[in-house]
Amino acid sequence: MKKETVKRLLALVLSTSMLLSLTACKNEANSSAASSDATSNNVVTPTSADVGETGEETAPAGNLVSDEPVTFTFMYSGEYDPNYKALAKMTELTNVTLDVTAIPDSDYDTRNQLIINTGEDMPDLISKTKPKAAQALSGVLLPISDYYDQMPNFMKFIEENNLQYLIDNATQSDGKVYELPINTKEVKTATKQIFIRKDVFDDNNIPYPVTYDDLYEAAKQLKEIYPESQPIQVIYGNGNLLDMIAPSFGTSGGWGKGIDNFHYVEETDEWIFAPASDEFKVMLEYLHKLYAEGLFNQEYSTFSSDMYKQMATTDKAFVLMADWLGCEKEFTEALREAGQENADWIPIYPLEGPAGAYLSRVSNSSQTMVVAASARDKDYFPQLIKWLDWMYTEEGADLFSWGVEGETYTIDEAGNKILNPTVKCASQPEGTWDIAKEYGTSNNCFTFVYPYDQELATMEDSYVDLIQKEIENEAFPTSEPSIPLTEEEVDIQSLYSTNLNDYIDQMIAKFIMGGASFSDWDNFVTECKNKGADKLLELYNNAWHNMSR
Amino acid sequence: MVNAKGKTESSAISKKKRREQVWKRIMRDRVLYFILLIPIIYLIIFKYVPMAGNILAFRKFKVGGSMFGIKWEGFKYFQLFITDTYFWQVFINTLILSVLNLIFGFPIPIILALLLNEVKNKTGKRVVQTITYLPKFLSTVVVVSMLQTLLSPSTGAINMFLNKFGIDSIYFLNEISWFRPVYIISDIWQFMGWNSILYLTALTNVDPQLYEAAAIDGAGRWKQTLYVTIPGILPTIVITLILSTGSVLSVGFEKVLLLYTANTMEIADVISTYTYRMGIVNSQYSYTTAVGLFQGIINLIIITVVNQISRKTSETSLW
Amino acid sequence: MNGNKVRISTSYKFFQIINFIFLAIVCWICVYPFLNTLASSLSSNSYVLRGEVGIFPKGLNFEAYNRIIKDSDFYVGYKNTLVYTVAGTILSLFMTTATAYPLARKGLVGKKYIMLFFVFTMYFGGGMIPSFLLIKNLRLMNTIWAVTIPGCLSVYNMLIMRTFFSGIPESLTEAAKIDGIGDFSLLLRIILPLSKPILATMTLFYAVGYWNDWFSALIYMNDSKKHPVTLYLRGIVMGLTKQAMSGNISSTDAVDVAGKTVQGATVMLVTIPILCIYPFVQKYFVSGVMLGSVKE
């Protein structure tokens, strides 16, 4: 009896809720539109008094973006808080509000590819996206380059910092650019470094390695003293390892490899097939030597990050080939808590290989974003362009890096910005609050420009010297350029790309770990050709030289 | 016996009679059809309508263009993978992995359920049931990370154990011959508890009177299991088996992707991971749709065959 | 449960001992990772890094849990998960029963074709994009229906339920029909009360399915305030692995990785509640429910 009533009730509830949902959908659509109107209506249009400047001649840049409140739709990756104070300030300065869809980092790619590929109902701005050739040329994305003439601040920023190569690299085969650089550094730096156990080196009188050969010698000594150890470790396998050491050997590989393992040689303005080059062979031979003598982690390709960290905190590893600044703190602390009071992991200056002393290839801009073509048809499109431009002005850049003047930083008499001492960051570990969490600064989506002075101010003191020395000596090589391909070229590429790359990855692992002998090197090269390396070589060089520059 | 004319006459009459009978049966069951209506509508809207998207396997996809493609390409995308020798290697890998998984993995949950059934202590039984299905809740990433730690040649527990007996460390994750065992055994471990729940449910359906009758006939516990328990849950077993054969070509993607290394790729690579890598080069939806269609067809053929076999040999079948 | 009047032989006693040992081992290997994760979540980071934590916490502290508890996203996600799971499970039970019951009736005309109609969908789907467009066009984006309706009928589960219903003696149905009871009442009044074990199983299967589903929300929910807690968890645990695989780690990412302790705490907080469903469901796994209703 009871069950029957329950079931009947259930059926009733279900059918009613289904009906309601259809109406609710409509209501929701209405209400969300209403609320966004409400928020923009609540924004106070700044008067000249608010902005602190006087006179019509020197109207502040902020005011030029929009006379009326506008809202752009924005697709965002990672953690987001609508109450970010920097956003509020931005609305105050520019009359722009962002309607943000926040997607977790871990699966952002799935979502943004879906949106772009269906091309339907796209948000105006999609962050953290690198458009593929097919997507760019399809017409769903806005060719930003058509509007460069309306973005003087952006062009100024590019020119002042010699970032024209970013635009060149982003140019598609139709001569247009469909993306904007974000997280753009004025000065190229990177935080991926080589680390060593300072105390272990000191205690055993081993000099800090300067070249890769030094590293080999040092590792040998360490192995003798600590037979249970595998002195050299790397996390994330070959991708990370080759990314790090290839530039010092005069080539590129791993994550830093050029398109399909092709390497651009500036001197000859030609692309070569990297894995077949002598430099690449020398690099693999070196790695093989390390591996074969037990100096290099024997399991690095199947190493979980847990195990890696364990090695780093228990005297099993003394050199970390490629990790990010900040990691060593955790490790040092763990070692000290276990009783090794002198334990100290420090980053060292990049090691020198046959081609010089370099870190992994980086670009000034680590991320890009795209604009939907549908934005062009919206009323607020001119304001959108203006806003994008504004984000590259000093005002816009400072807002999302330094924060708000008077709250997160101050300016001294010399015009330098001083970070508020209560802010917690690497340089101020005793700080009490997190500026990024409260203000929404320094994240991958809103930070279009990453000013060098801010980077230095938040960086830990001990790193500053290292980074500056690396900048001085140009230890940060530029990432491989990209080649714009037409649709037909992409079709050809897809015939060979996967199989060739798979084969190369397999052989690299075999050469390093000993599954293949270097006497078979010629066979390897031939096999690569069989898998299409020659055809791709021709394809890329042609595409490169045909580029409208 | 009846002449040609008579035969046609009677068969015409019986045809009409049959149709009347059929209609009578439909009317008798009309409430059932009514109940079925909602799920059928749901199925049409949410499963069959999107299926139309499969036409993309025959048409060229353009970003932002229609979901039905912009140009008819016929079998071009099918040709792309059918003529790709590597694709067939990957196809064989997938088949072997699935079949082995089936052979070794399928019986284990059943055995576990039977063993659990023998536990008299009710609380103990519940505790064991709950604990054994815990691993299912671990994400694939976590499981792979655990495997990497456990199977490490230098620090992993398994190798340390082997070393005690004087056996050299085996680099499990990097050896071709170990990939399948590692994959299958970890799958068994992760899902045996969860999969046994179904059989435990089926066990509750077995009439205790049958056990008593068997016991009276002098059957010990083992014979009871053979002649009462197993036949009692046989329909469930058969249905589950048939359903499992239908996913033979769709073996797990994430786990293989995280578990394979450059060394083991030759036998570890499966259709889903290969297609994934191919799809990265360009958002080649037409290609992936074609492969998906291909997988679907083969799976359907396999399950139809298995279903037919099952129908002939046992009473249970899907249809 | 069965054969309580049978004399227990020695060999059977021996078997029970072996069985006990075997099951104990199985339990141990299944529960160890969880004990380890629990212990890690309660330990201090340094011990966890050094791999010194077994099944007991070292350097006991609740920092990881504090961090999560302070995060409002966690609560919002949790609420969402609960709502989606309950709504989805109820919907699914309804749909699955509505399909399995008629298809279990012997002699249903056209049964074979209807079955095929359903089974076919297990092997052919439209894929992510057509489904996405469908939901969009039905104006279900960003609603609870987008995460509950698409998956509300698992044909696999339906087939299992149907097998169960088929096992109910026909004589029962016939007896009821003779009494003049219609199919619908038959279902509600007689069949369902007898089907507690399978309903319990289906509840478990579907509830777990909805609880663990993060993908639907990723695709269909624009508003992060509607994301389930499993998506939140994924961000914490998976955040860097995915990016590492494609080499897409930037400097800010790498340092922000949630430590193992926080990962462990999130896993515990998200997994434990769903595990608690089973005990509730278990009490329905009692045999002999059906017996005595029909004299064979």
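The structure displayed is predicted, hence computed values, not measured ones.

The rules behind the values
- Residues numbered from 1 in each chain as written.
- Chains lettered and ligands numbered in written order.
- Predicted model: local features only at pLDDT ≥ 70, side-chain atom pairs only at ≥ 80, totals over all residues.
- Pairing = 2+ DSSP bridges.
- Helix = DSSP H or I, 4+ residues; strand = E, 2+ residues; numbered from the N terminus.
- Domains from an automatic or database assignment.
- Expected span 1.5 Å × (residues − 1).
- Bend = angle between axes of the 7 residues up to and from the residue.
- Contact = placed C-beta atoms within 7 Å.
- Buried ≥ 20, exposed ≤ 12 C-beta atoms within 10 Å, placed from the backbone.
- Core = buried A, V, L, I, M, F, W, Y, C linked by C-beta atoms within 7 Å.
- Nonpolar A, V, L, I, M, F, W, Y, C, P; charged D, E, K, R; others polar.
- pLDDT = per-residue confidence, 0-100.

Draft legend 1. Focus on the sheet that holds strand 13 (residues 365-371) of chain A. Residue and element names in this part refer to chain A. The six strands are arranged 2-1-3-13-4-16 in an open sheet whose pairing can be described as mixed. Two strands in the sheet have a free side with no partner beyond their single neighbour: strand 2 (96-103) and strand 16 (449-450). Summarising the sheet, strand 1 (residues 70-77) and strand 3 (residues 125-126) pair through two bridges and their orientation is parallel. Looking at strand 3, one finds that F74 is bridged to L125.

Draft legend 2. Representation of the domain arrangement of chain A in the model. Looking at the assigned domains, one finds that chain A contains domain 1 (60-188 + 366-450), domain 2 (192-357) and domain 3 (487-545). Distance from the C-alpha centre of domain 1 of chain A to the C-alpha centre of domain 3 of chain A: 37 Å.

Draft legend 3. Representation of helix 2 (residues 30-51) of chain B within the structure. Look at helix 2 of chain B: 29 Å from first C-alpha to last across 22 residues, which is about the 32 Å you get at 1.5 Å a residue. Largest kink in helix 2 of chain B: about 35°, centred on L37 of chain B, with the proline P39 of chain B one to four residues after it. In this fold, the buried residues of helix 2 of chain B make contact with helix 4 (72-103), helix 5 (111-123), helix 6 (128-137) and helix 10 (183-194) of chain C.

Draft legend 4. Seen up close, helix 8 (residues 155-166) of chain C. Look at helix 8 of chain C: 16 Å from first C-alpha to last across twelve residues, which is about the 16 Å you get at 1.5 Å a residue. Burial analysis of helix 8 of chain C places ten of its twelve residues in the buried class, which makes it a mostly covered element. Of the positions making up helix 8 of chain C, those classed as buried are V155, N157, M158, L159, I160, M161, R162, T163, F164 and F165 of chain C. Looking at the buried positions of helix 8 of chain C, the neighbouring elements they touch are helix 9 (176-203) and helix 11 (221-245) of chain B together with helix 4, helix 5, helix 10 and helix 11 (196-212) of chain C.

Draft legend 5. Fine view of the nonpolar core. Of all hydrophobic cores here, the largest spans 278 residues; its most connected members are V319 and M321 of chain A. A per-element tally of this core places helix 11 of chain C first, with ten residues.

Draft legend 6. Structural view of the domain arrangement of chain C. Residues and elements named next belong to chain C. Partitioning chain C into structural domains gives domain 1 (10-61) and domain 2 (69-282). A separation of 30 Å is found between the C-alpha centroids of domain 1 and domain 2. At the interface, seven residues of domain 1 touch seven residues of domain 2. For the side of domain 1 that touches domain 2, the secondary structure elements donating two or more residues are helix 1 (10-41) and helix 2 (45-49). The leading source of residues in the side of domain 1 that touches domain 2 is helix 1, at four residues.

Draft legend 7. Unusual backbone geometry, seen in detail. For S442 of chain A, which is not glycine, the phi dihedral falls at a positive 50°. Given 22 C-beta atoms within a 10 Å radius, S442 of chain A is considered buried. Here R139 of chain C, not a glycine, exhibits a phi torsion of approximately 60°, which is positive. Following the sequence through the fold, R139 of chain C ends up in the loop between helix 6 and helix 7 (144-148). Taking the C-beta count within 10 Å as the criterion, R139 of chain C has 16 such neighbours and is therefore assigned partly exposed.

Draft legend 8. Molecular detail of the interface of chain A and chain B. Listed as interface residues are 29 residues of chain A and, on the opposing side, 23 residues of chain B. Only helix 4 (108-118), helix 5 (133-137), helix 12 (305-312) and helix 19 (487-513) of chain A provide two or more residues apiece to the side of chain A that touches chain B. If you tally residues by element for the side of chain A that touches chain B, the top one is helix 19 of chain A, at ten residues. A per-class count over the side of chain A that touches chain B returns seven nonpolar, 17 polar and five charged.

Draft legend 9. Quick peek at the environment of M507 of chain A. All names here are of chain A. Take M507: it is sitting in helix 19. A count of 21 C-beta atoms within 10 Å places M507 in the buried class. The spatial distance from the C-alpha of M507 to the C-alpha of H263 is 18 Å, given a sequence separation of 244 residues. With sequence-adjacent residues up to four places away left out, M507 is seen in contact with A516 and F524.

Draft legend 10. Quick peek at the confidence of the model for chain A. All names here are of chain A. Residues with a pLDDT of 70 or more make up 88% of chain A, whose mean pLDDT is 84. Mean pLDDT values over the elements of chain A span from 36, in helix 2 (residues 48-51), up to 95, in helix 11 (residues 278-292). Below pLDDT 50 for its whole length, residues 1-60 participates in 38 contacts with residues either more than four positions away or in separate chains.

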